[in-house]
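# Descriptive structure summary
Each chain, written out:
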Amino acid sequence: MTTGTGKTVTRVDLCEAVYQKVGLSRTESSAFVELVLKEITDCLEKGETVKLSSFGSFMVRKKGQRIGRNPKTGTEVPISPRRVMVFKPSAILKQRINGHAVTNGDGNKAD
C-alpha cells in the first residue's frame, strides 16, 4: 500500500485496497473497513486489549495525575489523570518494517 515515501494511508486507501484485493463492491468494502475500525474502537473504549496476530496489540493505559512544567515559563502545572492508547508492534511487524525476511520457525519465509 505504501512505498516508504512517507505517504499517509487513509480510510479511503484501506477501502480501495479491500475493494481491489477482496472483490467486494466499493460500498461493501467501505462498510467492512468501518466495521473493523468500529469494533477496535469499541473494545479499546471498554478498556480491552486488541491483539492482532503478526501485527501488534492496541492497549489502553491509565496515567495518574502528575506535575508537568510549562516549557515557556517554567511554571509547574498539574496534569490530570487520563487514559492513553498505546500500540505495541509484534516482533514479526518489527522485522518486516526493518526489511528482514520473516521465517516461520522451519527456516521458510512466512507470509
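Here is what the cut-offs are and how they apply
Residues numbered from 1 in each chain as written. Predicted model: local features only at pLDDT ≥ 70, side-chain atom pairs only at ≥ 80, totals over all residues. Heavy atoms only, no water. Patch = residues over 30% accessible without salt bridge, like charges linked within 9 Å, V, L, I, M, F, W, Y side chains within 5 Å. Areas by Shrake-Rupley, 256 points an atom, 1.4 Å probe, with all protein chains shown as cover. Salt bridge = Lys/Arg side-chain N within 4 Å of Asp/Glu carboxyl O. Helix = DSSP H or I, 4+ residues; strand = E, 2+ residues; numbered from the N terminus. Expected span 1.5 Å × (residues − 1). Buried < 20%, exposed > 50% of the residue type's maximum accessible area, 1.4 Å probe, protein only. Arc of directions from axis to C-beta. Contact = heavy atoms within 4.5 Å. Core = buried A, V, L, I, M, F, W, Y, C linked by side-chain atoms within 4.5 Å. Lys, Arg positive; Asp, Glu negative; His and termini not counted. Charge placed at Lys NZ, Arg CZ, Asp CG, Glu CD. Pairing = 2+ DSSP bridges. Axes fitted to C-alpha atoms, helices over the stretch in contact; angles between N-to-C directions. Parallel < 35°, antiparallel > 145°, perpendicular 65-115°, else oblique. Left-handed = near helix turned anticlockwise from the far one by under 90°. Nonpolar A, V, L, I, M, F, W, Y, C, P; charged D, E, K, R; others polar.

A cluster of nonpolar side chains, namely L52, F55 and F87, defines an oily patch on the protein surface of about 230 Å² accessible area. As for its position among the elements, F55 is in the loop between β1 (50–52) and β2 (56–63).

The terminal C-alpha atoms of helix α1 (residues 11–22), which comprises twelve residues, lie 16 Å apart, in line with the 16 Å expected from a rise of 1.5 Å per residue. For α1, the set of buried residues is C15, A17 and V18. All buried residues of α1 project into a common sector of 160° when viewed along the axis, lining one side. Counted as exposed and oriented over 90 degrees from the buried face of α1: V12 and Q20. For α1, the elements touching its buried residues are α2 (26–45). In the stretch just after α1, G23 is the one whose phi turns positive, near 95°.

Okay, the nonpolar core next. Of all hydrophobic cores here, the largest spans five residues; its members are I40, C43, L44, V50 and F58. Tallying contributions element by element places α2 first for this core, with three residues. Excluding residues that lie within four positions of it along the chain, V50 makes contacts with I40, C43, L44, G56, S57 and F58.

Here the focus is a positive patch on the surface. Where like charges cluster on the molecular surface, the positive patch consists of K51, R61, K88 and K94. Take K94: it is sitting in helix α3 (residues 91–97).

The strands making up a sheet are joined through hydrogen bonds of the backbone, oriented either antiparallel or parallel. Read across the sheet, three strands follow the order β1-β2-β5 without closing on themselves; strand pairing throughout is antiparallel. Strands at the two margins of the open sheet, each flanked by one partner only, are β1 and β5 (82–89). Going from strand to strand, the sheet's axes swing by 25° on average, the running direction of each strand aside. With three bridges joining them, β1 and β2 adopt antiparallel strand pairing. When the sheet's bridge partners are listed, L52 is paired in β2 with G56.

Turning our eyes to something else, we now look at the pattern of salt bridges. Tallied over the entire structure, the rule returns five salt bridges. We note a salt bridge from E34 to R11, for which the minimum N-O separation is 2.5 Å. In this pair, E34 is assigned in helix α2 and R11 in helix α1, connecting sequence segments 23 residues apart. The partly exposed category is assigned to E34, whose relative accessible area is 33%. When its relative accessible area of 45% is taken as the criterion, R11 is described as partly exposed. In this structure, the salt-bridge partner of R69 is E76, at a minimum N-O distance of 3.3 Å.

Quick look at the packing of α1 against α2 now. In the contact formed by α1 and α2, the axes pass within 8 Å of each other and the chain directions differ by 125°. As far as their axial angle goes, α2 and α1 are oblique. Judged by the twist between their axes, the crossing of α1 over α2 is right-handed. Residue-level inspection shows R11, L14, C15, E16, V18, Y19 and Q20 of α1 in contact with α2, the latter providing R26, S29, S30, F32, V33, E34 and L37. For the contact of α1 with α2, a count of residues per class yields seven nonpolar, three polar and four charged.

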